[in-house]
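Chain by chain, the residues run as shown.
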Amino acid sequence: MELTFTQAAKGVNKEIAVNIEDSCQRCDGKGHEPGTKVQHCHYCSGTGMETINTGPFVMRSTCRRCGGRGSVMVTPCVSCRGSGQTKQRRTVVVPVPAGVEDGQTVRMPVGKKEIFISFRVQKSPVFRREGADIHSDLFISIAQAILGGTARAQGLYETVNITIPAGIQGDQRIRLSGKGIPRVNSYGYGDHYVHIKIRVPKRLTDRQRSLVTSYAEDETDVEGTVNGVTNTAAGGGAKRQRSEARQESPEEGQDKEEGQDKEEGFFSKLKRMFSS
């Protein structure tokens, strides 16, 4: 039987068509045509057993003429041909228990027979199941992750409001106790675990980019660099490199001045050579 995830989790009454061997509806399982009578079996005297003498031994066995019934049907039923059983197609209502799992088989009586029903549960696009517990994902914004807030998540029975604590991480999960699937072989319900997923925007407005850049410049736990940020509080960036390059040591300044003096002396000698 095919079931959706919700039907298996909550339980449902579902109809199914089955083929079973049951009492013939024409003769009511008697084997002879309605309105006719059966004759007394003279072969076994109505006992259904016959006696066979084999020398000194006497054996009793089922009557070969009446098949042990003790009577003979002169006019057998045209539907069951005297067997009293026919193959019938019936529509029965199967009460699917809440919490049934994929591949589970149950036994159900139908008339005088019993049938075995195996369930095949479809996968849900929202929930993932682990026993009686269910798992789902909840996408929140960066602002909600940093500042906290509330969000609405789809539950198994209803839509639930979830309180998001400030500073929540992307790998955290929130537990909703007793919001899972009923336990089949015990009491109570499982839990619903909501996994937090932080949605990072792909496009920013100028104001948003400016605010994020200002925040990045004040971050203290940056490993590496941030695109578009020249200096961060953690140290490192083009601005600091340029400022360090501007701060020269006194020895470097003297070396530059000596080099300039040497260049000026060389040019003055050239002037005197060409002027003479």
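Remember, predicted model here, so these are calculated numbers, not experimental data.

**Some remarks on the nonpolar core**
A general trend in soluble globular proteins is that nonpolar side chains are found buried together.
Now for step 1: Counting 15 residues, the largest nonpolar core has M1, L3, V94, V96, I115, I117 and F119 as the members making the most contacts within it.
Now for step 2: When residues of this core are traced back to their parent elements, those giving at least two are β2 (12–23), β7 (85–96), β8 (105–110) and β9 (113–118).
Now for step 3: Among the elements that make up this core, the one with the highest residue count is β7 (three residues).
Now for step 4: Listed in part, the 13 residues of the second largest apolar core include L138, A145, I168 and V194.

**What about the pattern of salt bridges?**
Now for step 1: Under the defined criterion, the tally for this structure stands at nine salt bridges.
Now for step 2: Linking E2 and R120 is a salt bridge whose minimum nitrogen-to-oxygen distance equals 2.7 Å. With E2 in strand β1 (residues 2–3) and R120 in strand β10 (residues 120–121), this pair connects stretches of sequence that are 118 residues apart.
Now for step 3: Taking the shortest distance from any N to any O, the salt bridge between R128 and D137 comes out at 3.2 Å.
Now for step 4: A relative accessible area of 39% means that R128 is categorised as partly exposed.

**Observations regarding the side chain of D191**
Now for step 1: Among the structural elements, D191 can be located in the loop between β15 (173–176) and β16 (192–198).
Now for step 2: For D191, a relative accessible area of 8% puts it in the buried group.
Now for step 3: A polar contact is formed between the side chain of D191 and the side chain of R175, at a distance of 2.9 Å.
Now for step 4: In this structure D191 touches A132, D133, I134, R175, L176, S177, G178, K179 and G180, once residues within four positions along its chain are discounted.

**Focus on the packing of aromatic side chains**
Now for step 1: Counted under the stated rule, the structure contains two aromatic pairs.
Now for step 2: Here the aromatic rings of F5 and F127 are separated by 6.0 Å at their centres, their planes lie at 15 degrees, and the arrangement is stacked. Of this pair, F5 sits in helix α1 (residues 5–10) while F127 sits in the loop between β10 and β11 (128–130), and the two are 122 residues apart along the sequence. Of the two residues, F5 and F127, both sit in the buried class.
Now for step 3: With a centroid separation of 6.4 Å and an interplanar angle of 85 degrees, the aromatic rings of Y157 and Y189 are classed as edge-to-face. Of this pair, Y157 sits in the loop between β13 (149–154) and β14 (159–164) while Y189 sits in the loop between β15 and β16, and the two are 32 residues apart along the sequence.
Now for step 4: For Y157, a relative accessible area of 37% puts it in the partly exposed group.
Now for step 5: The exposure class assigned to Y189 is partly exposed, which follows from its relative accessible area of 45%.
Now for step 6: The aromatic ring of Y193 is capped on one face by R173, whose charged end is 4.4 Å from the ring centroid.

**Some thoughts on the environment of P182**
Now for step 1: Counting through the fold element by element, P182 comes out in the loop between β15 and β16.
Now for step 2: As a C-alpha pair, P182 and A98 span 84 residues in sequence and 6.3 Å in three-dimensional space.
Now for step 3: Beyond its immediate stretch of four places on either side in the chain, P182 contacts A9, A98, G99, Y157, G188 and Y189.

**As for the sheet that holds β15**
Now for step 1: Spatially, β11-β12-β16-β15 is the arrangement adopted by the four strands of the open sheet, whose pairing is mixed. Strands with a single pairing partner mark the edges of an open sheet, and in this sheet they are β11 and β15. Ignoring strand direction, the axes of neighbouring strands in this sheet form an average angle of 30 degrees.

**Overview of the pairing of β9**
Now for step 1: The sheet contact formed by β8 and β9 spans six bridges and is antiparallel. By the bridge assignment, V106 is partnered in β9 with I117.
Now for step 2: Hairpin connection, β8 to β9: the antiparallel pair is bridged by two residues, and G111 has positive phi, about 65 degrees.

**With respect to the environment of D191**
Now for step 1: Sequence separation between D191 and G131 is 60 residues; the distance between their C-alpha atoms is 10.0 Å.
Now for step 2: Polar contacts involving the side chain of D191 include one to the main-chain amide nitrogen of G178, which spans 2.9 Å.

**Thoughts on a nonpolar patch on the surface**
Now for step 1: On the surface, I142, I146, L147, I198 and V200 cluster together to form a nonpolar patch covering roughly 460 Å² of accessible area.
Now for step 2: The greatest single-element share of the nonpolar patch, amounting to three residues, is contributed by helix α2 (residues 142–147).
Now for step 3: By the element assignment, I198 lies in strand β16.

**A short note on the pairing of β16**
Now for step 1: Alignment of strand β12 (residues 133–140) against β16, held across seven bridges, turns out to be parallel. The residue bridging S136 from the neighbouring strand is V194, located in β16.
Now for step 2: By the bridge criterion, four bridges tie β15 to β16 in an arrangement that is antiparallel. Along β16, the bridge assignment pairs I174 with V194.

Cut-off values and rules
- Residues numbered from 1 in each chain as written.
- Predicted model: local features only at pLDDT ≥ 70, side-chain atom pairs only at ≥ 80, totals over all residues.
- Heavy atoms only, no water.
- Core = buried A, V, L, I, M, F, W, Y, C linked by side-chain atoms within 4.5 Å.
- Buried < 20%, exposed > 50% of the residue type's maximum accessible area, 1.4 Å probe, protein only.
- Helix = DSSP H or I, 4+ residues; strand = E, 2+ residues; numbered from the N terminus.
- Salt bridge = Lys/Arg side-chain N within 4 Å of Asp/Glu carboxyl O.
- Polar contact = N/O pair within 3.5 Å; in protein donor to acceptor, adjacent residues only side chain to side chain.
- Contact = heavy atoms within 4.5 Å.
- Phe/Tyr/Trp six-rings, centres within 6.5 Å; stacked < 30°, edge-to-face > 60°.
- Lys NZ or Arg CZ within 6 Å of the ring centre and 35° of its normal.
- Pairing = 2+ DSSP bridges.
- Axes fitted to C-alpha atoms, helices over the stretch in contact; angles between N-to-C directions.
- Patch = residues over 30% accessible without salt bridge, like charges linked within 9 Å, V, L, I, M, F, W, Y side chains within 5 Å.
- Areas by Shrake-Rupley, 256 points an atom, 1.4 Å probe, with all protein chains shown as cover.

Treat this as a map of the structure, not an account of what it does.
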